[in-house]
Structure formats: C-alpha cells, structure tokens
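# Structure at a glance
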Amino acid sequence: MSSPSKQDLLKTITSKDIKEICKNNGLKGYSSLNRDGLINFATENLNLSTPQIQSLVNHLQEAKLITKVKDSEDFLLRKVVNIESCEDELILATVDSLKVKIYNLGKDDFSYFCDGKCKDYIYRVKQEYSPFCKHYPAVIGELIYQEKIDLDEIHLNHLSGKKLEALMEIIEKRKKEDGLLVSDDRNIGNTLENLKHDLMEISCKNTALAREKYNEPPEKVFKTMVDDAFQLLEYETILNRRNEGWDLLLLGTYAPQPYIAVISTKPAHLGKINKPNLLNLKNFCLDMCRDQLMGAYKDAVKYMVLVAPDFPEDITSLVAEFQQLTGGIKLSFLPVSTLLYLVECYRENPILTHQSSEYLYKKDIITQEDVDEIFNISEKQIADLSSRARMVLRSKMEDICKRHSDACYIKMDEIYLQHIIEEVINTLKPHLLKQGLNDATGIKTFSLNHDYYLLWGRVLQDLVEEFSAILEEQSLSQVQRSPLKEDLIKYLDL
Ligand SMILES: [Zn+2]
C-alpha cells in the first residue's frame, strides 16, 4: 500500500537527486534509465520506508530553497532591487528588469507575482512545484535592508529557519560592503579550516558536500572558496557572481606597479581538467575585462590564472598561444594543492608582498617549489628594506653626533629630528607606505599598509636595534664635557 505514495514523493525531486539517493543506498544498475524507469526502479528497490523518503525529499527541497535564497545575493549586492512602493496589502518592486508584486505579506492570503521572463516562476512556482523564485527573497532582503519591514512584527511567508538565516547573512554582507556595519572579526581561522578540509573535494565537484555544508552547487562554492583563499592572502578581489565570464579579479594593489590577474576556476569530476578553450579565456581577459577599462587600469591586466584540482602536463603548450592571442597576457595554471599550500604558508608567516607574489603568475604550472621561492624572495626583500633603513638612520645620527654630542646627550633641534624621521620613512616607500599630497592643503599625507604588519614589525625592530646600538657607541666613546660639568668646574674654581 505504501508504494504509490513513495512514488509520488520521488516524482517531486529531480532525477539527479533520485540517483544520488540510490547511490547512497548502495543500489546499482539505474544509470541508463529514463526518468519514469528511474522512479519505478527506486520505488521497488530502495529499502526505505515512506516516512524516511518523505524526510529525504523534505531535506532536498529545503536545500534547494536555501540555494535560491543564496542566488538572490547577486541582486542584493549589485543593488538592483528597487522598491517602488510598500503598503500592507501590496509591495511593488523591480529586480533588474523584472517586476515583482507581493500581496498581503505575512498574512494567510499571501501571494506573489514575478513578471516577465522569470522561467522559474512560470514553470515551477505557478505550477506549485516550488514556493518561490530567487526574485522573491531578493525583494524581501531589500525591504529588510531598508528597514521597511520589522521582523519582530511580521512572519515572512516561506522564509523561516535556515532560509531566513541565509538571507540575513546576505544583508549583513551588504551592510558591511556599504560601510554600515564594521566587521570586527574576519573569521580567518574558520575560513582557513574550511579551505583545508573541503577545497580539494569541492574542486572535484562533491555535490553532496557542497549542498549540505554550503547550500550551493559545487561550481559556485569552488569559486567562492578560491575567492576566500586569495582574500586570506590579503589581496583585494572582485567576485563575479554571475555564471558566465571570469570568476574573480585579483588586484595587486600594493605592488609598486599595481597589477590585475583575471582568475577562472575550473572544478573537475575526475580531479584533472581537459584543455580549456583559449578563445573563451581570451574573451574573459579582453572583452569582459581589459577592453572595458581605461588608461593605466588597462595596462594593469597582465595575468590570467586558471585554478583547478590539477592539470595535464601538456597544458603548458597553451601559454605561448594565449600570449599571442591576447597581445601579451601571461596564462598560468594554479593547482588547488599549490593554492592551499600557499595560503597555509602565508597564514603562518604573512610576509609576502604583492610584488613578491607576482612572481608566481609568471610561471606556467605554479608549484609548491615556486611558493617556497617567493617566501625566499620576500625574506630578501625585508632584509634589503631593513638594511637601507638602518643605514640611513645611522648616517643621519652619526652626522649629528660628530657635531652635537657630549658625555650625556646627543643634541638636535626639532627640524633635524623631523629630517631624520622623514629620511628613514623614505626608505620604506613604496612597500610599507605610500606618500601623497593633500590637494586642498598641500600637506604631505602618508598611507600605511596595515596588511604588511609583520614586515613593519621586522623592519621597526631592526631600526630599534640600530638606534640602541648607536646610543651605546656614543655612550662608550663620548667624553666631551657636558655644559653642566663645564659650569660646575668653573664655579668651583677647580
Ligand atoms: Zn522570479
């Protein structure tokens, strides 16, 4: 008696989901079946009770709805939701070019209407297969963001529990991007743990993991995780939330010659990607990026990086061809294992600069040895910076010591002190700070790079050491009488 209702339940989910349930339950021999055959096969062979299937189906449907809420992030962060009017009975809004009408929000006779080209609304919401399309949470999210509805007073239709949590996370992100909320904790530890644990699996398209933990398809999770990884390397990034084109732009802002790398992420089932289509990649770099920029920004687009679980060795043959196609953009390949190694090394020892890491994108397939190499380059860079700063400090101090020092003091006026500080600071440009001029006041300005805190620490420590060494040398060598001693000797007639 229970089999028809099992069948009804299975009909409400996709063939892909049914196959996954069969696989998880150790069944075999269903991969070539059409949809009806598959539903029959699963009904007959799954050793699960109707309530068990019901709960599996509920779980899958909930996961799909959370994915839809997450899909609304694109609209909210691009700020393309426009609330035209907001009354109790009717809310009018547009999302991109689509009109959305919501009737009686929070009440039993609630309904909503998504106009125009929304296929999801026409084929799924109207047919009652799904309670909403991604444009509904987008409008609700905008209303919450603009404080036009109060969540203490209204019970949102179809958006509760984890779906509401997902929506609130997006609103928080928007508030942070708009500077309305200060992020007090970047949660670096958590992000790093997730990367270490899941990045490789996600890059091999582990659908179940992507859905259960991240509520999104693996392709999207992979893109977001790669973005997270580069942010942990203290790069500013621009994430493309749409499904076409490049995935993110990496901004090497702190390099003396700032650069932009166009990143494309390629997850692959079997852990290794096939050769990509060079014309697509060329479009990502030129049509969809460089050609839309102006002036110096155009020249900054120098690199294209593919991130994938792994690459076939002969893929490097594409590098020269790509360079020719794009008029000089360097193509490189970053395996997930190298990216993880880079992030882990960096979080343990955050001494890389954008200038030193630029070396990576000049490689073909980027290896762990290359990562070791850029840490060496950075160490050398810090040593050079330090030694230059120390040398300037010493020469300025020695100058003044020769002329204005006695057994007690090294003496200088305010102007000379300022001069020393300025000369030392000059040696730290442009890596640790940038100097500018305030247009209105004509006063010099300094921008200190806080992401390089460890480099600052190392250089300043070396300077402290140098300074104290100079004082010690003076203390041991100066015997010239101080004015006080000079005066006392005079008064005492000695
Ligand atoms: Zn819609």
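See the structure printed just above.
The numbers attached to residues start from 1 for each chain and follow its sequence in the written order. In view of the model being predicted, local features appear only for residues whose pLDDT reaches at least 70, and side-chain atom pairs are presented and counted only at 80 or more, with totals across whole chains, interfaces and linings using the full set of residues.

### A few points about unusual backbone geometry
As a reminder, the rule being used: A run of DSSP states H or I qualifies as a helix once it reaches four residues; a run of E qualifies as a strand once it reaches two. Both are numbered from the N-terminal end. Field definition: a residue is buried when 20 or more other C-beta atoms are found within 10 Å of its C-beta, exposed when 12 or fewer are, and partly exposed for counts in between, with C-beta atoms placed from the backbone.
For the peptide bond that leads from Lys-429 to Pro-430, omega is -5 degrees, which places it in the cis range. Positive phi, close to 55 degrees, is recorded for Glu-147, a residue that is not glycine. Looking at where Glu-147 falls in the secondary structure, it is placed in the loop between helix 7 (135-145) and helix 8 (161-177). Positioned with a positive phi, His-158 is a non-glycine residue whose angle comes to about 65 degrees. Considering the arrangement of structural elements, one finds His-158 in the loop between helix 7 and helix 8. Judged by C-beta crowding, with 16 C-beta atoms within 10 Å, His-158 ranks as partly exposed.

### Concerning the sheet that holds strand 2 (residues 90-95)
Note the following rule: Between any two strands, at least two bridges found by DSSP are needed for them to pair. Only C-alpha atoms enter the line fits that serve as axes; for helices the fit covers just the stretch in contact. Angles between N-to-C directions range over 0 to 180 degrees.
Taken together, the 4 strands give an open sheet; going across it, the order is 1-2-3-4, and neighbouring strands pair in antiparallel fashion. A single partner strand is all that each edge strand has here, and the edge strands are strand 1 (81-86) and strand 4 (111-114). The sheet shows a mean angle of 15 degrees between the axes of neighbouring strands, direction not considered. Across 6 bridges, the pairing between strand 2 and strand 3 (residues 98-103) is antiparallel. For Ala-93, the partnering residue across the bridge sits in strand 3 and is Val-100.

### So, the nonpolar core
In a soluble, globular protein the nonpolar side chains are often hidden away together inside. Quick reminder of the rule: Here, a nonpolar core denotes buried Ala, Val, Leu, Ile, Met, Phe, Trp, Tyr and Cys residues that are linked to one another through C-beta atoms within 7 Å. Note on contacts: each residue gets a C-beta atom placed from the backbone, and two residues are in contact if those atoms are within 7 Å.
Judged by nonpolar contacts, the single largest core of 47 residues is most densely connected at Val-262, Ile-263 and Val-307. Among the elements that make up this core, the one with the highest residue count is strand 8 (residues 301-308) (7 residues). Those residues within four positions of Ile-263 in sequence are excluded, and the remaining contacts are Val-226, Trp-246, Asp-247, Leu-248, Leu-250, Val-305 and Val-307. With 28 residues, the next largest nonpolar core counts Val-95, Cys-118, Ile-144 and Ile-170 among its residues.

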